[in-house]
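Residue-level structural notes
So you can see what is in the structure, the chains are spelled out below.
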Amino acid sequence: MGIFGDAGEVEVPTPEADDEYVNVTITLPRGGGSSRGRVVSRKRDGDGNPIGRKSANAAVDSRMYNVEFADGEVTELTANIIATTMIAN
């Protein structure tokens, strides 16, 4: 199953293959400083489907990602936060 959009329609998840954010390293504010993290994968729902759908408009890009830091902590970020961070760096 996909994710339900605002109007109740089912969104079809975009494939993870050739995803422009997977394996990207970004610097994020963390614990009063900055930490480098690597986008390791798309976040998946209970059925194993990638969450969200790609959009040319970053404001409505609903993809979710897992970002891993050097200490092993993994956090979830949206595509628009990753894109904003990449532009800022």
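Because the structure is a prediction, the values reported are computed rather than measured. (Residues numbered from 1 in each chain as written. Predicted model: local features only at pLDDT ≥ 70, side-chain atom pairs only at ≥ 80, totals over all residues. Heavy atoms only, no water.)

1. Comments concerning the confidence of the model for the chain
Model confidence for the chain is summarised by a mean pLDDT of 84, while 81% of its residues fall at 70 or above. Here strand β1 (residues 3-4) is the element of the chain with the lowest mean pLDDT, 48, and strand β5 (residues 64-69) is the one with the highest, 96. (pLDDT = per-residue confidence, 0-100. Helix = DSSP H or I, 4+ residues; strand = E, 2+ residues; numbered from the N terminus.)

2. Things to note about the pairing of strand β6 (residues 74-78)
For β5 and β6, the ladder comprises five bridges, and the chain directions are antiparallel. Among the inter-strand pairings, Tyr-65 is bridged to a residue of β6, identified as Leu-77. Where β5 folds back onto β6 in an antiparallel hairpin, the turn is made up of four residues, including Gly-72, whose phi is positive at roughly 95°. (Pairing = 2+ DSSP bridges.)

3. Considerations on the pattern of salt bridges
Under the definition given, this model contains eight salt bridges. The salt bridge partner of Lys-54 is Glu-20, with a shortest N-O separation of 3.4 Å. Placement of Lys-54 in the loop between β4 (33-42) and β5 and of Glu-20 in the loop between β2 (10-11) and β3 (25-30) is noted, with a sequence separation of 34 residues between them. Accessibility expressed as a relative area gives 36% for Glu-20, which makes it partly exposed. (Salt bridge = Lys/Arg side-chain N within 4 Å of Asp/Glu carboxyl O. Buried < 20%, exposed > 50% of the residue type's maximum accessible area, 1.4 Å probe, protein only.)

4. Brief notes about unusual backbone geometry
Not every positive phi belongs to a glycine, and Asn-23 is a case in point at roughly 80°. With respect to the element layout, Asn-23 can be found in the loop between β2 and β3.

5. A word on the side chain of Asp-61
Structurally, the position occupied by Asp-61 is in the loop between β4 and β5. A relative accessible area of 8% means that Asp-61 is categorised as buried. Side chain to side chain, Asp-61 and Arg-63 meet in a polar contact 2.6 Å long. The residues touching Asp-61, leaving out its near neighbours within four places in the chain, are Arg-53, Lys-54, Ser-55 and Ala-79. (Polar contact = N/O pair within 3.5 Å; in protein donor to acceptor, adjacent residues only side chain to side chain. Contact = heavy atoms within 4.5 Å.)

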